[in-house]
Amino acid sequence: MASTRDWLTLAGCSLVCWYGIAGAQTFYKWTDQQGVVHFSDSPPADIKNVEERSLPAAPAAAAPEQDGGDSKTPGPTGSEGPARIVVTSRHVPRTGPSAVHVSGEVKNVGGAEAHGVSVTVTAVDSTAGTPCLHEDVGVIPSSLRPGETGSFDADLDNPCLSGGTPVDISTSSE
């Protein structure tokens, strides 16, 4: 047999789920003689001390403003705020003992246009633990509106890359 605590937990979870699909609705809460709390959308008959409560309406999703150029207007991705560039794919095959071919795509997931978009390729010397490669690679196109993607592609040859040193790729924009 379930304990009162189990029933209260179940009732609370049910209320939370119900709230998720309900708008501004009234519900009723009461405790029976065994101490079990009940919730209902209609008041019980012949029960005293029934509390009537109302759920607040769920907030409506704000529609994007249509003013054309405001950097705070949500873009196609639904994001707001400044531009934010992320790497969506990357390929770094070895092309020689100290060379790699770096390519991939980036996407503006922010709410404003990004200018001067580039990726930075870095590597750390695995034996000394010190940075040994820091190379900026341009993205085409170099300006990305919200939701747009760009690509990068470069051949890098550096003694730092000898021995299979791992390469890291990060993004930047003006």
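In what follows, the structure referred to is the one given above.
Residues numbered from 1 in each chain as written. Predicted model: local features only at pLDDT ≥ 70, side-chain atom pairs only at ≥ 80, totals over all residues. Heavy atoms only, no water.

### What about the side chain of Ser118?
Put simply, the rule is: Helix and strand assignments follow DSSP, with helices taken as H or I runs no shorter than four residues and strands as E runs no shorter than two, numbered in order from the N terminus. Relative accessibility decides the category of a residue: with a 1.4 Å probe and only protein chains considered, values under 20% of the type maximum give buried, values over 50% give exposed, and everything between is partly exposed.
Of note, Ser118 is situated in strand 7 (residues 118–124). According to the relative accessible area criterion, Ser118 is buried, its value standing at 13%.

### Considerations on the sheet that holds strand 8 (residues 131–138)
Which entries qualify depends on this criterion: The rule for pairing is simple: two strands pair if DSSP sees at least two bridges between them. Between N-to-C directions, angles span 0 to 180 degrees; the directions come from axes that are lines fitted to C-alpha atoms, helices contributing only their stretch in contact.
The antiparallel open sheet is built from three strands, whose spatial order is 8-7-10. Of all strands in the sheet, those with a lone pairing partner are strand 8 and strand 10 (167–172), marking the two edges. Across the sheet, the axes of successive neighbouring strands diverge by a mean angle of 25°, strand direction being ignored. By the bridge criterion, seven bridges tie strand 7 to strand 8 in an arrangement that is antiparallel. Along strand 8, the bridge assignment pairs Val124 with Pro131.

### Thoughts on the state of the cysteines
How we decide: By definition, disulfides here are pairs of cysteine sulfur atoms that lie within 2.5 Å.
Enumeration according to the criterion identifies one disulfide in this entry. The disulfide partner of Cys132 is Cys160, and the S-S distance across this bridge is 1.6 Å. In this pair, Cys132 is assigned in strand 8 and Cys160 in the loop between strand 9 (149–157) and strand 10, connecting sequence segments 28 residues apart. Cys132 sits in the partly exposed class, given a relative accessible area of 28%. Note on Cys160: relative accessible area 9%, which makes it buried.

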